[in-house]
Amino acid sequence: MTRTVSGARVLITGAASGMGRLYAERAVAEGARAVILWDRDAAALTRTAARLSEGATGSTAVFPYVVDIGDLGAIAQTAQRVRTEIGNPDIVINNAGIVRGAFFWEHDNGDDTRPTMQINALAPMYIAREFLPGMMSTNGRESRIVNIASAAGLLSNPRMSVYAASKAALIGWSDSLRLELVQQGFSRVKVTTVSPSYISTGMFDGARGPLLTPILTPEYVVDRVWRAMLAGTPQVTMPWTVGLSKVLRGILPLPVWDLVAGRVFGVYNTMDDFVGRR
């Protein structure tokens, strides 16, 4: 699986639009056996599936499933349908996510905090747990799990408290899963954890990048993630300033880091004008 996903079954969450759709287009272009689309937006999912099917060759089939991954029961039921109708996926890309850009006390427990943690942190765990046994039992075939986290999971930031918590949880679980698989002899199932800065998908409209940190394009991110997934790269951070910030945060005393992050790089004000997707 170091070159293409030809012949593989690829499942993508949040696949009806944005980066999810770009991952699906890449899978179709490379001749995946099955491209499995999960999204809660039925209308957008139908349009995306139709467009992908038009561009698919005879060896590729597109399978759309309307599912709210914030619902554990819906995940379990839809996963069973996938296993029955298509077979166990070889690749799972946990792409779906949501954000509420507000101070913590402005979050509603039920409307904001709970769904953010369910969709960003718990759903990838639930989905991986559904399909991991099949991946681990496949003799000889390599499998992939890609978890799209965020630089917010590595560095604290005002107006991102719950989102940062959800992505920090995702990062911790994802890389621990990678180590468990290697330790227990299932290294052919490779896990890639992705931590990008802001991406121009509309999800973070109004946010601005810190010093030396441009807003990333979806096409650039998808290309980097795709190549890392094929190679089985454990971790991807982008751009390079995310890695630099992680190092500085680890070696500088907290008051000094707050000064550097806040006044020099402008990290702590990047969400001041956030409006999000409308």
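Residues numbered from 1 in each chain as written. Predicted model: local features only at pLDDT ≥ 70, side-chain atom pairs only at ≥ 80, totals over all residues. Heavy atoms only, no water.

Caption draft 1: The packing of helix H1 (residues 18-29) against helix H6 (residues 218-231), seen in detail. The N-to-C vectors of H1 and H6 enclose an angle of 50 degrees; their axes lie 10 Å apart at closest approach. By the angle between their axes, H1 is oblique relative to H6. Crossing of H1 against H6: the hand is right-handed. Touching Met19, Leu22, Tyr23, Arg26 and Ala27 of H1 are Pro218, Glu219, Val221, Val222, Asp223, Val225 and Trp226, all from H6. (Axes fitted to C-alpha atoms, helices over the stretch in contact; angles between N-to-C directions. Helix = DSSP H or I, 4+ residues; strand = E, 2+ residues; numbered from the N terminus. Parallel < 35°, antiparallel > 145°, perpendicular 65-115°, else oblique. Left-handed = near helix turned anticlockwise from the far one by under 90°. Contact = heavy atoms within 4.5 Å.)

Caption draft 2: Structural view of the environment of Thr270. With respect to the helices, strands and loops of the structure, Thr270 is situated in the segment after helix H8 (254-264). Classification of Thr270 by relative accessible area gives buried; the value is 1%. Once the C-alpha coordinates of Thr270 and Asn157 are considered, the two residues, 113 residues apart in sequence, prove to be 8.4 Å apart. In this structure, Thr270 is in contact with Asn157, Tyr198, Gly206, Ala207, Arg208, Gly209 and Pro210, ignoring residues within four places of it in sequence. Here the side chain of Thr270 touches Val267 through a polar contact of 3.0 Å, landing on its backbone oxygen. (Buried < 20%, exposed > 50% of the residue type's maximum accessible area, 1.4 Å probe, protein only. Polar contact = N/O pair within 3.5 Å; in protein donor to acceptor, adjacent residues only side chain to side chain.)

Caption draft 3: Inspection of the sheet that holds strand E2 (residues 34-39) at higher detail. Pairing in this open sheet of seven strands is parallel, and the strands run E3-E2-E1-E4-E5-E6-E7 from one edge to the other. Strand pairing shows two members of the sheet lacking a second neighbour, strand E3 (61-66) and strand E7 (235-238), which therefore form its edges. Across the sheet, the axes of successive neighbouring strands diverge by a mean angle of 15 degrees, strand direction being ignored. Pairing of strand E6 (residues 189-196) with E7 involves four bridges; the strand directions are parallel. Paired with Pro196 across the two strands is Met238, which belongs to E7. Relative to E6, helix H5 (residues 161-183) is tilted by about 155 degrees, and along the sheet it contacts strand E5 (143-148), E6 and E7. (Pairing = 2+ DSSP bridges.)

Caption draft 4: Focus on the packing of H1 against helix H2 (residues 42-55). Where H1 contacts H2, the two axes come as close as 10 Å, and the packing angle between them is 20 degrees. Relative to H2, the element H1 lies roughly parallel. Both H1 and H2 take part in a crossing whose hand is right-handed. On the side of H1, the interface is formed by Arg21, Ala24, Glu25 and Val28, while H2 contributes Thr48, Arg51, Leu52 and Gly55. Looking at the contact of H1 with H2 residue by residue, the class counts come to three nonpolar, two polar and three charged. (Nonpolar A, V, L, I, M, F, W, Y, C, P; charged D, E, K, R; others polar.)

Caption draft 5: Examining helix H4 (residues 109-137) more closely. If you check H4, its first and last C-alpha atoms are 39 Å apart, about what 29 residues at 1.5 Å a residue would give, namely 42 Å. Remark: the principal bend of H4, roughly 45 degrees, maps to Leu122, with a proline, Pro124, within the next four residues. Residue Asp108 occupies the N-cap position of H4, its side-chain oxygen lying 2.9 Å from the main-chain nitrogen of Gly110. (Expected span 1.5 Å × (residues − 1). Bend = angle between axes of the 7 residues up to and from the residue.)

Caption draft 6: How the structure looks around the packing of aromatic side chains. One pass over the structure, following the stated rule, counts six aromatic pairs. Summarising the aromatic geometry, the rings of Tyr163 and Phe204 are spaced 5.5 Å apart at their centres and angled 75 degrees between planes, so their arrangement reads as edge-to-face. With a gap of 41 residues between them, Tyr163 in helix H5 and Phe204 in the loop between E6 and H6 connect regions that are remote in the sequence. What makes Tyr163 buried here is its relative accessible area of 4%. (Phe/Tyr/Trp six-rings, centres within 6.5 Å; stacked < 30°, edge-to-face > 60°.)

Caption draft 7: Spatial organisation of H5. Taking 1.5 Å of rise per residue, the 23 residues of H5 would be expected to cover 33 Å, and the 33 Å separating its terminal C-alpha atoms lies within 8% of that figure. Of the positions making up H5, those classed as buried are Val162, Tyr163, Ala164, Ser166, Lys167, Leu170, Ile171, Trp173, Ser174, Asp175, Leu177 and Leu181. The secondary structure elements touched by the buried residues of H5 are H4, E5, E6 and E7. Positive phi shows up at Gly185, right after H5, with a value of about 85 degrees.

Caption draft 8: Representation of a nonpolar patch on the surface within the structure. Residues Leu211, Leu212, Trp240, Leu244 and Val264 make up a contiguous nonpolar surface patch of roughly 500 Å² in combined accessible area. Along the chain, Leu212 turns up in the loop between E6 and H6. (Patch = residues over 30% accessible without salt bridge, like charges linked within 9 Å, V, L, I, M, F, W, Y side chains within 5 Å. Areas by Shrake-Rupley, 256 points an atom, 1.4 Å probe, with all protein chains shown as cover. Salt bridge = Lys/Arg side-chain N within 4 Å of Asp/Glu carboxyl O.)

Caption draft 9: Summary view of the side chain of Asp90. Structurally, Asp90 is set in the loop between helix H3 (72-85) and strand E4 (91-94). A relative accessible area of 4% places Asp90 in the buried class. A polar atom in the side chain of Asp90 sits 2.8 Å from the backbone nitrogen of Arg9. Here Arg141 takes part through its side chain, which lies 3.0 Å from a polar atom of the side chain of Asp90. Not counting residues up to four positions away in its chain, the partners in contact with Asp90 are Ala8, Arg9, Met135, Arg141, Ser143 and Arg144.

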